[in-house]
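Each chain is listed here by its residues.
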Amino acid sequence: TSKQDGRNRITFFSEEMGALARARDLVEIELKRAIQNREFILHFQPRLCLRTNRVVSAEALVRWQHPKRGLIMPAEFIAICEETGMIEDLGQLILEMACQTSMAWHKSGKDIELSINISPRQFADKRLLDALRDFSSHPDFPTGKIELEITENVLIGDHDFIAQKLDAIASMGYRIAIDDFGTGYSNLSYISRFQLNCLKIDQSFVSQLPKSGPIISLILTLAEQIGATIVAEGVETKEQLAWLRNHQCDQAQGYFVSHPVEEKDLFGVIEDLNTGGVYQLHPAGGSD
Ligand code: C2E
Ligand code: MG
Ligand code: MG
Ligand code: MG
């Protein structure tokens, strides 16, 4: 009968939910251990300047190198870390890895900027400013080449407090980018309130080109008005790249330029992009 079906369904759902909750608890326990054991590595995705056709920057993207499961992508663990507060330790670890990498590049004469994702909870963490200050005071540290990517949700809340924090970060010489621009907080008053160096147009707009042309044009104008660099995220096709170049977008990041790569492969990829150009990597009729 339908009554029995209903009961079965309820049992099924609650068992499933119980299993999900247990799986989540397990991930949580595993993550705690993983942070202690530093089981994380960074991959790097180049950002191409559309005026010079050279790679000017790269974004650090974290991966969990699980001893049994192999490489795990951030979609599977960043949100759990954010909800539980573990992101404070993980974020600190990522920041250290990224800053040390940037310092090593700088010392070996590799002139490239590095952007680092900072989660809302990490932005609120008191330790962030101390860590940034420690790094920037190191004589070999290229502070001006480090950009911190924050999302619009970071800017919700006490604007005075946020402005103070952003000012402190800027006064040390770091750059600030708004990640996934256009998808979060819709009150744009923060744009004139804070000093922002870069806006990253979310890939959901880029993937809708040319239909999303009007909104991207608007963001490009806005960025120019406030003197911010504009980066298009998630560029996957040569048509998208051409549209962005024709509309004076500053930089492109996405699979069409390069997937995120291991550090050991990064400078080879950059060399190929700088010498052959992006179209040589995707010859006529090549895959997008
Ligand atoms: P995000 O910061 O917006 O990073 C861009 C994401 O888009 C990356 O996924 C990148 O691999 C992917 N992507 C790049 N180009 C393309 C493309 O052409 N097409 C498509 N479909 N995707 C593209 P990833 O590495 O899986 O990271 C996902 C998100 O996880 C990041 O989004 C960021 O929000 C978060 N995340 C990654 N690394 C870190 C980190 O170190 N700290 C924090 N707090 N969050 C991180
Ligand atoms: Mg990012
Ligand atoms: Mg992004
Ligand atoms: Mg994104």
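- With an unreviewed UniProt entry as reference, the chain is termed Diguanylate cyclase/phosphodiesterase, source organism Roseobacter cerasinus.

## A short note on the overall build of the chain
Piece 1. When helices and strands are tallied, the chain shows 12 helices and 9 strands.
Piece 2. The C-alpha atoms of the chain give 21 Å as radius of gyration, which agrees with the globular expectation for 288 residues (19 Å, within 12%).
Piece 3. Reported as C-alpha extents along the three principal axes, the dimensions of the chain are approximately 70 × 50 × 40 Å.
Piece 4. Out of the 288 residues in the chain, the part that is buried amounts to 47%.
Piece 5. If you sum the accessible surface of the chain, you get close to 14,700 Å²; carbon and sulfur atoms cover 52% of it.

## Points about the coordination of the magnesium ion (ligand 3)
Piece 1. Around the magnesium ion (ligand 3), the protein supplies D179 (OD), D180 (OD), E233 (OE) and E233 (OE) as donor atoms, at distances of 1.9 to 2.8 Å.
Piece 2. When the donor residues of the magnesium ion (ligand 3) are listed from N- to C-terminus, their spacing reads D-D-x52-E.
Piece 3. Judged by its relative accessible area of 26%, D180 falls in the partly exposed class.

## Notes on the site of ligand 1
Piece 1. Every one of the 21 residues lining ligand 1 counts as a neighbour, but R63, N117, D179, E236 and Y255 are closest to it.
Piece 2. Note that an oxygen atom of ligand 1 is positioned 2.8 Å from one of the side-chain N or O atoms of R63.
Piece 3. Contact between ligand 1 and Q203: a nitrogen atom at 3.4 Å from a side-chain N or O atom of the residue.
Piece 4. Look at ligand 1: alone it shows 790 Å² of surface, and the protein chains cover 82% of it.

## Things to note about the coordination of the magnesium ion (ligand 2)
Piece 1. Listed as protein donors to the magnesium ion (ligand 2) are E59 (OE), N117 (OD1), E149 (OE) and D179 (OD); their distances from the metal cover 2.0 to 2.3 Å.
Piece 2. The sequence motif formed by the donor residues of the magnesium ion (ligand 2) is E-x57-N-x31-E-x29-D.
Piece 3. Between the magnesium ion (ligand 2) and the magnesium ion (ligand 3) the interatomic distance comes to 3.5 Å, and D179 is a ligand of both metals. Here the residue E59 occupies a position in strand β2 (residues 54-66), and N117 occupies one in strand β4 (residues 113-117), the gap between them amounting to 58 residues.

## Re the pairing of strand β6 (residues 175-181)
Piece 1. Along β6, 5 of the 7 residues are buried, which leaves the element largely enclosed by surrounding structure.
Piece 2. The sheet contact formed by strand β5 (residues 146-151) and β6 spans 5 bridges and is parallel. Looking at the pairing, T151 lines up with D179 of β6.
Piece 3. As paired strands, β6 and strand β7 (residues 198-201) are joined by 3 bridges and run parallel to one another. Residue F181 lies in a different strand from β7, and its bridge partner there is I201.

## Overview of the packing of helix α5 (residues 127-136) against helix α6 (residues 159-172)
Piece 1. Packing of α5 against α6 leaves a shortest axis separation of 10 Å and a crossing angle of 10 degrees. When the interaxial angle is binned, α5 and α6 end up roughly parallel. Every residue of α6 that contacts α5 at L128, L129, L132, R133 and S136 is listed here: K165, A168, I169 and M172.
Piece 2. By residue class, the composition of the contact of α5 with α6 is 6 nonpolar, 1 polar and 2 charged.

## Considerations on the confidence of the model for the chain
Piece 1. Summarising the model, the chain shows a mean pLDDT of 91, and 92% of its residues fall at 70 or more.
Piece 2. Two summary scores accompany this predicted model of the complex, namely pTM at 0.92 and ipTM at 0.98.

## Description of α5
Piece 1. Buried within α5 are the following residues: L128, L129, A131, L132 and F135. In an axial view of α5, the angular spread of the buried residues amounts to 165 degrees, which keeps them on one side of the axis.
Piece 2. Its buried side turned inward, α5 meets α3 (87-107), α4 (120-124), β5 and α6.

## Let's talk about the side chain of K200
Piece 1. By the element assignment, K200 lies in strand β7.
Piece 2. Exposure remark for K200: the relative accessible area of 0% places this residue in the buried category.
Piece 3. Of note is the side chain of K200, whose polar atom sits 2.9 Å from the side chain of Q253.
Piece 4. Leave out the neighbours within four places in its chain, and K200 touches R47, E59, E149, I178, D179, D180, F181, V231, E233 and Q253.

## Here we look at the packing of aromatic side chains
Piece 1. Across all of its chains, the model carries 7 aromatic pairs by this definition.
Piece 2. Consider the rings of W105 and F267, whose centres lie 5.2 Å apart with planes at 85 degrees: the pair is edge-to-face. Taken together, the residues W105 in helix α3 and F267 in helix α11 (residues 263-276) connect sequence positions 162 residues apart.
Piece 3. F267 sits in the partly exposed class, given a relative accessible area of 22%.
Piece 4. Among the aromatic residues, those joined into a cluster by ring pairs are F40, W64 and F77.
Piece 5. Across the ring face of F267, the terminal group of K110 is positioned such that the distance to the ring centre comes to 4.7 Å.
Piece 6. One Lys or Arg, K165, reaches over the ring of F123 and ends 5.6 Å from the middle of that ring.

Rules behind the numbers
Residues numbered from 1 in each chain as written. Chains lettered and ligands numbered in written order. Predicted model: local features only at pLDDT ≥ 70, side-chain atom pairs only at ≥ 80, totals over all residues. Heavy atoms only, no water. Helix = DSSP H or I, 4+ residues; strand = E, 2+ residues; numbered from the N terminus. Rg over C-alpha atoms; globule rule 2.2 N^0.38 Å. Buried < 20%, exposed > 50% of the residue type's maximum accessible area, 1.4 Å probe, protein only. Areas by Shrake-Rupley, 256 points an atom, 1.4 Å probe, with all protein chains shown as cover. Donors = N, O, S within 2.8 Å, 3.2 Å for Na, K, Ca; no water. Near = heavy atom within 4 Å. Polar contact = N/O pair within 3.5 Å; in protein donor to acceptor, adjacent residues only side chain to side chain. Pairing = 2+ DSSP bridges. Axes fitted to C-alpha atoms, helices over the stretch in contact; angles between N-to-C directions. Parallel < 35°, antiparallel > 145°, perpendicular 65-115°, else oblique. Contact = heavy atoms within 4.5 Å. Nonpolar A, V, L, I, M, F, W, Y, C, P; charged D, E, K, R; others polar. pLDDT = per-residue confidence, 0-100. Arc of directions from axis to C-beta. Phe/Tyr/Trp six-rings, centres within 6.5 Å; stacked < 30°, edge-to-face > 60°. Lys NZ or Arg CZ within 6 Å of the ring centre and 35° of its normal.

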